[in-house]
Amino acid sequence: MKKIGIILFIIPLILTTLQVQAFFEKFISESSSRTLAYANLGLIFMGIIFFLKDQRREPFTKMIKLWLIFYGFYFGIGLLANTIHQNEVPLLKTLIPVIYFIGFSFFLSIKAHRKIFEKAVMITFTISNILLIYFYQINFSMDYDGIYEYSLERAGGVYGDANNAAVVCLLSFIFIYNYYKPRYSFGKMIKFLGIGIALYSLILTFSKTGFVVLILVLSLTFHRFFSPKKIIPLLFIVPISFYLFIQSALHSPSLSAVQKTRIQDVVNIITLNTSKVHYSDRDVLFDNMLNFINLNPVLGNGIYFSTSIRGHNTIFGIWADAGIFCFLFFLFVLFQYVKKGLASTPDIKFPTLSIITVLGIFMLSLQTIIDQAYLIAIFVYLAYIVDNKRLESHY
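Notes on the structure follow. (Residues numbered from 1 in each chain as written. Predicted model: local features only at pLDDT ≥ 70, side-chain atom pairs only at ≥ 80, totals over all residues. Heavy atoms only, no water.)

### Observations concerning the packing of helix 1 (residues 2–17) against helix 3 (residues 30–51)
1) Next: One can describe the packing of helix 1 onto helix 3 by two numbers: an axis separation of 9 Å at closest approach and a directional angle of 150°. Handedness of the crossing formed by helix 1 with helix 3: left-handed. Between helix 1 and helix 3, the contacting residues are Lys2, Gly5, Ile6, Leu8, Phe9, Ile11, Pro12, Leu15 and Thr16 on the first element and Leu36, Asn40, Leu43, Ile44, Met46, Gly47, Ile48, Phe50 and Phe51 on the second.
2) Next: Of the residues in the contact of helix 1 with helix 3, the class split is 13 nonpolar, four polar and one charged. (Axes fitted to C-alpha atoms, helices over the stretch in contact; angles between N-to-C directions. Helix = DSSP H or I, 4+ residues; strand = E, 2+ residues; numbered from the N terminus. Left-handed = near helix turned anticlockwise from the far one by under 90°. Contact = heavy atoms within 4.5 Å. Nonpolar A, V, L, I, M, F, W, Y, C, P; charged D, E, K, R; others polar.)

What follows is the structure, given as structure tokens:
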């Protein structure tokens with residue numbers, strides 16, 4: 001019976017991660033897509049009921065409670081703003097992430113389920129990466145509803161968007177490196193292969209944000225190399241290797257002009273030469289959202305408003321939707337992840353900081369970070385990990 005309860009959560013996690021609903025909508029029918037969405041929600045509700053009185057459940061952690069308070073502020077103030085400004089809101093659609101959050105808060109409140117969740121994430125994210133590579137090879141794009149007539153400049157995988165795909169690539173690297181601990185050589189080979197697939201997939205996205213975040217994640221992952229004895233060789237090896245890699249890429253005949261421009265942009269970001277960075281019109285969209293924030297800074301413009309105007313910024317999108325107080329509270333929630341992560345033992349600290357670095361930075365260029373069910377589940381997972389930092393060991 002316990003396995004049935006687990007399946008009720010793992011199936012929606014897999015289906016949302018692999019964007020099966022979007023595939024149904026584009027290539028089968030909208031009605032089948034809606035049916036699948038309702039089915040996933042039904043499974044989540046059934047899962048909540050299944051584990052509601054499970055004696056193994058731990059109480060909701062402080063981080064979970066902070067998220068619930070945030071959602072209360074967001075919907076309370078946001079719906080008020082919707083009423084005042086007469087902005088329509090697809091309420092059920094905006095509630096889906098909240099339902100997943102509550103569902104996985106129940107599921108992951110059982111400690112044994114966190115290991116299962118880690119395995120499910122590693123496997124599903126890796127499948128997503130493999131599909132990204134395959135789609136890129138056959139020139140298939142979800143964004144163009146099939147085989148694209150021109151060569152793809154960037155791989156978007158099952159998400160139809162390179163930056164969303166880059167988030168999964170980075171998270172899969174973090175999960176595989178930190179949470180997969182094989183004892184035998186075959187398992188170690190699988191781990192090495194999984195890491196290789198994640199990094200190669202990230203390269204195919206040609207995500208500027210992804211490349212920069214990768215440097216930060218690698219710094220956190222391999223923090224042991226920043227000891228006094230090892231730091232001096234690194235000061236020579238890393239810059240030289242980075243320079244040779246960049247020069248090789250910029251002069252590669254196999255890369256297009258667009259791909260080389262994106263690599264040069266990474267160099268410009270790292271060297272703080274931001275005036276030469278191409279923002280793909282995201283700066284225009286962000287400025288437009290700031291104008292609406294300035295018009296209604298206290299109450300915002302209503303739920304779903306930032307998504308409707310394509311603000312491409314999760315953090316400031318909350319301000320645009322539900323005002324400055326909700327915006328500040330959300331920053332406080334993110335800060336708690338960092339604070340609690342820093343106070344954790346090393347085996348929890350560095351994976352946590354790596355994950356929150358990926359999600360936090362991509363919030364500045366994506367409007368979907370807290371709207372995607374599989375990413376909300378990651379936030380719930382971290383909430384239990386950082387609030388249990390005083391346990392002898394998570395592993």
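### Things to note about the layout of surface pockets
1) Next: The computed volume of the second largest pocket comes to approximately 1,100 Å³.
2) Next: In terms of lining residues, the second largest pocket is bounded by 28 residues, among which Leu214, Ile215, Leu218, Val238 and Phe242 are the most central.
3) Next: Only helix 8 (185–205), helix 9 (208–221), helix 10 (228–250) and helix 11 (257–270) provide two or more residues apiece to the lining of the second largest pocket.
4) Next: Considering each element in turn, the lining of the second largest pocket owes the most residues, 10 residues, to helix 10.
5) Next: Partitioned by chemical class, the residues of the lining of the second largest pocket number 26 nonpolar, two polar and no charged. (1 Å grid on protein atoms, 1.4 Å probe; cavity = no way out; pocket = protein on both sides within 12 Å on 5 of 7 lines; lining within 4 Å. Points joined across faces, edges and corners; volume = space filled by probe spheres on them.)

### Topic: the packing of aromatic side chains
1) Next: In the structure shown here, the tally under the stated rule is 40 aromatic pairs.
2) Next: With a centroid separation of 6.5 Å and an interplanar angle of 45°, the aromatic rings of Tyr71 and Phe75 are classed as tilted. In this pair, Tyr71 and Phe75 are both assigned in helix 4 (residues 62–85), four residues apart and thus about one turn of the helix distant.
3) Next: Take Tyr71: its relative accessible area is 9%, and that puts it in the buried class.
4) Next: Between Phe206 and Phe211, the aromatic rings sit 6.4 Å apart at their centres with planes inclined by 75°, giving edge-to-face as the arrangement. (Phe/Tyr/Trp six-rings, centres within 6.5 Å; stacked < 30°, edge-to-face > 60°. Buried < 20%, exposed > 50% of the residue type's maximum accessible area, 1.4 Å probe, protein only.)

### Some remarks on the environment of Ile215
1) Next: By the element assignment, Ile215 lies in helix 9.
2) Next: The exposure class of Ile215 is partly exposed, given its relative accessible area of 36%.
3) Next: Distance from Ile215 to Ser31, taken between C-alpha atoms, is 42 Å for residues 184 residues apart in sequence.

### Regarding a nonpolar patch on the surface
1) Next: Residues Ile232, Leu235, Phe236, Ile237, Ile240, Tyr243 and Leu244 make up a contiguous nonpolar surface patch of roughly 780 Å² in combined accessible area.
2) Next: Judged by its relative accessible area of 52%, Leu244 falls in the exposed class. (Patch = residues over 30% accessible without salt bridge, like charges linked within 9 Å, V, L, I, M, F, W, Y side chains within 5 Å. Areas by Shrake-Rupley, 256 points an atom, 1.4 Å probe, with all protein chains shown as cover. Salt bridge = Lys/Arg side-chain N within 4 Å of Asp/Glu carboxyl O.)

### Structural notes on unusual backbone geometry
1) Next: One non-glycine residue, Asn139, lies in the positive phi region at around 65°.
2) Next: We classify Asn139 as buried; its relative accessible area is 16%.
3) Next: Its identity is not glycine, yet His312 carries a phi of approximately 55°, on the positive side.
4) Next: For His312, a relative accessible area of 15% corresponds to the buried category.

### Quick word on the pattern of salt bridges
1) Next: Applying the stated criterion across every chain yields a total of six salt bridges.
2) Next: One salt bridge connects Asp54 with Arg56, and the closest N-O pair in it is separated by 3.0 Å.
3) Next: Owing to a relative accessible area of 32%, Arg56 belongs among the partly exposed residues under this scheme.
4) Next: Put simply, Lys340 and Asp387 hold a salt bridge, and the shortest N to O gap is 2.9 Å. Pair noted here: Lys340 is in helix 14 (residues 314–342) and Asp387 is in helix 16 (residues 373–387), with a separation of 47 residues, a long-range link.

### Side note on the side chain of His113
1) Next: By secondary structure assignment, the location of His113 is in helix 6 (residues 111–138).
2) Next: Relative accessible area serves as the criterion here: at 1%, His113 is assigned to the buried category.
3) Next: If we skip the residues at most four places from it in the chain, His113 touches Ile6, Phe51, Arg56, Phe107 and Leu108.

Shape descriptors only; they carry no functional weight alone.
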